[in-house]
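Structural characterization, general
This is what each chain is made of:
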Amino acid sequence: MAEKTKNVSSQKSSDEEKPKENIRCLTTLGHFGFDCFPCQLVSRSLQRGFSFNILCVGETGIGKTTLINTLFNTNIKDSKSSHFHPTVGLKVKTYELQESNVHLKLTVVKTVGFGDQINKEASYLPVVEYIDAQFEAYLQEELKIKRSFFEFHDSRIHVCLYFISPTGHSLKSLDLLTMKSIDSKVNIIPLIAKADTISKSDLQKFKSRIMNELNSNGIQLYQFSADDETAAQANTSTNGLLPFAVVGSMEEVKVGKRMVRGRHYPWGVLQVENENHCDFIKLRDLLLCTNMEDLKEKTHTYHYECYRYHKLKTMGFTDVGPDNKPVSFQETYEFKRQEFQEQCQQEEEELKQKFMQRVKEKETAFKDAEKELQEKFEHLKKVQQEEIMKLEEEKSKLEEEILSFYKMKAASETPHSQETNIRRDRDRKK
Ligand code: GTP
Ligand code: MG
């Protein structure tokens, strides 16, 4: 730095000597301007990598694993689930994928045992709880004093692929119940699974029946956005294609000279990536090429925001006070603390009152018992005194009797009686 300054000053002095000839021209190294901003975002995103979280809800064996493998061109082996799970569970797996120089952290959450129980009333609950738990984890990270969003794995669900059984009839009540309970928490994209098992004409009728049922039950689906000019046209036509009729396959089948992903049947080959055969290409393009960022953004700005709003509201936080004036977080905290202290004081007062009341009750009970005992004591004392008096009377009677006895005895010991006694002795000797 010091050297640079030196060069400038030496140059300045020489410039003063030869004003025009030696002007240093700076050559631009490349293009610069604010139209380069997007390039910064691209390189930063490439450095950090991308993350995407998918929730697959569908019955056992409906083709969840196969479709994920087909979508991401992977060969993830997944053990088949049994049909005898007592409750619905969720299997969560995270994969680090790479395509060219793009890294993707893909989290796939799949239902296990969905629709296998006799009582399906609570089958949707684990799904709802899982989605909420991910929102809660993010909210907790957000509320921390020392936040570390770079290391934090944001596991909020960006899209829910809802697999509908290809019955050709209508939606099951479990489907309606589950979709209704998660439609405000996640972007739902309904799929008709194993669409190769329904004929083309049946498929159209099935699709419109499903959409009618969803609309009449007020179930909100993810709407492919028409705001973005580039994707507006494709997105609007795609909304009309819902639910997507998809086919998955891990097989490579030879069609002409090409190897394609497809399913080989006795009557021919179903090509997964052929738009005339199924809607897989539409789903993949919209999910991965055009709408991934929109799905993530909607998750953050709409679904998570909803969760956060309700959670903070139940905790007592609010943006405006009763007088409609803005209330800061600090003010709400202080207000809540004061409210809590007042409540504590009130409870303490109530406890004191209760305690005093009980003490009084006990005191009166003790006094009553004492009085009763006193009365009993007085009564016993009285009885005892009466007994003593009786005994005294008897004693004096006995003493009188003893006295009279002695008198009689003394009288019997007179001379006449002595004579009689001598005569008696004589008679006895004879
Ligand atoms: P679990 O994880 O055990 O619940 O099953 P899953 O939903 O992951 O289903 P999986 O992908 O394992 O597929 C089950 C069976 O359905 C396999 O034999 C697949 O070959 C077959 N399968 C998958 N997708 C399709 C499809 O689009 N059409 C047809 N006809 N069969 C399919
Ligand atoms: Mg599976």
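Details of the structure are given in the entry above.
Below is a summary of the structure that appears in this document. Residue indices follow the written sequence of each chain, beginning from 1 at its first position. Throughout, the order in which chains and ligands are written sets their labels, letters from A for the former and numbers from 1 for the latter. Totals for whole chains, interfaces and linings use all residues, but because this is a predicted model, local features are given only for residues with pLDDT of at least 70 and pairs of side-chain atoms are given and counted only at 80 or more. No hydrogens and no water enter the side-chain calculation; it runs on all heavy atoms of the structure.

**Here's the deal with the site of ligand 1**
- Every one of the 15 residues lining ligand 1 counts as a neighbour, but T65, T66, S81, D196 and G248 are closest to it.
- Any N or O atom pair separated by 3.5 Å or less is treated as a polar contact, with the protein-specific requirement of one donor-capable and one acceptor-capable atom, and with residues adjacent in sequence counted only for side-chain atom pairs. Between ligand 1 and T65, the relevant distance is 2.7 Å, taken from an oxygen atom to a side-chain nitrogen or oxygen of the residue.
- Measuring from an oxygen atom of ligand 1, one finds a backbone N or O atom of G248 at 3.0 Å.
- Numbering of helices and strands runs from the N terminus, with a helix taken as a DSSP run of H or I at least four residues long and a strand as a DSSP run of E at least two residues long. Of all the secondary-structure elements, those providing two or more residues to the shell around ligand 1 are α3 (64-72) and β8 (258-265).
- Each residue gets one of three labels, nonpolar for Ala, Val, Leu, Ile, Met, Phe, Trp, Tyr, Cys and Pro, charged for Asp, Glu, Lys and Arg, and polar for the others, Gly among them. Tallied by class, residues from the shell around ligand 1 come to 3 nonpolar, 7 polar and 5 charged. It suffices for a single heavy atom of a residue to lie within 4 Å of a molecule or strand for the residue to be listed as near it.

**A closer look at the environment of E273**
- For E273, the location among the structural elements is in the loop between β9 (268-271) and α8 (280-290).
- Non-local contacts of E273, meaning those with residues more than four positions away in its chain, are made with R261, F280, I281 and R284. Contacts between residues were defined by any pair of non-hydrogen atoms, one from each residue, lying within 4.5 Å.

**A closer look at a negative patch on the surface**
- Residues E347, E348, E349 and E350 make up a contiguous surface patch of negative charge.
- Positionally, E348 belongs in helix α10 (residues 329-412). Like-charged residues within 9 Å of one another, or nonpolar side chains (Val, Leu, Ile, Met, Phe, Trp, Tyr) within 5 Å, are grouped into patches, provided each residue has over 30% relative accessible area and no salt bridge. Working definition of accessibility: Shrake-Rupley area with a 1.4 Å probe, residue cover restricted to the visible protein chains. For salt bridges, the criterion is a side-chain nitrogen of Lys or Arg within 4 Å of an Asp or Glu carboxyl oxygen. This count recognises Lys and Arg as positive and Asp and Glu as negative, with His and chain-terminal groups excluded. The atoms used to mark charge sites are NZ of Lys, CZ of Arg, CG of Asp and CD of Glu.

**Things to note about the nonpolar core**
- What we call a nonpolar core is a set of buried Ala, Val, Leu, Ile, Met, Phe, Trp, Tyr and Cys residues that are connected through their side-chain atoms within 4.5 Å. Here's how the labels work: a residue is buried when its accessible area is under 20% of the maximum for its type, exposed when over 50%, partly exposed in between, all with a 1.4 Å probe on protein chains only. L161, I189 and L283 are the most contacted members of the largest nonpolar core, which has 71 residues in total.
- Tallying contributions element by element places helix α4 (residues 125-143) first for this core, with 7 residues.
- Not counting residues within four places of it along the chain, the set of residues in contact with L283 comprises L67, L71, L161, I189, L191, F244 and V246.

**Observations regarding the sheet that holds β8**
- Any two strands between which DSSP finds at least two bridges are classified as paired. Taken in spatial order, the 3 strands of this open sheet run β7-β8-β9, and their pairing is antiparallel. Since the sheet does not close on itself, it has two edges, and those belong to β7 (252-255) and β9, each with one partner. Taking each pair of neighbouring strands and ignoring which way they run, the sheet shows an average axis angle of 70°.
- Two strands pair when backbone bridges link them, and β8 and β9 are joined in this way by 4 bridges, in the antiparallel orientation. Looking at β9, one finds that H264 is bridged to V269. To get an axis, fit a line to the C-alpha atoms, keeping to the stretch in contact for a helix; angles then go from 0 to 180 degrees between the N-to-C directions.

What is shown is where atoms sit, not what they do.
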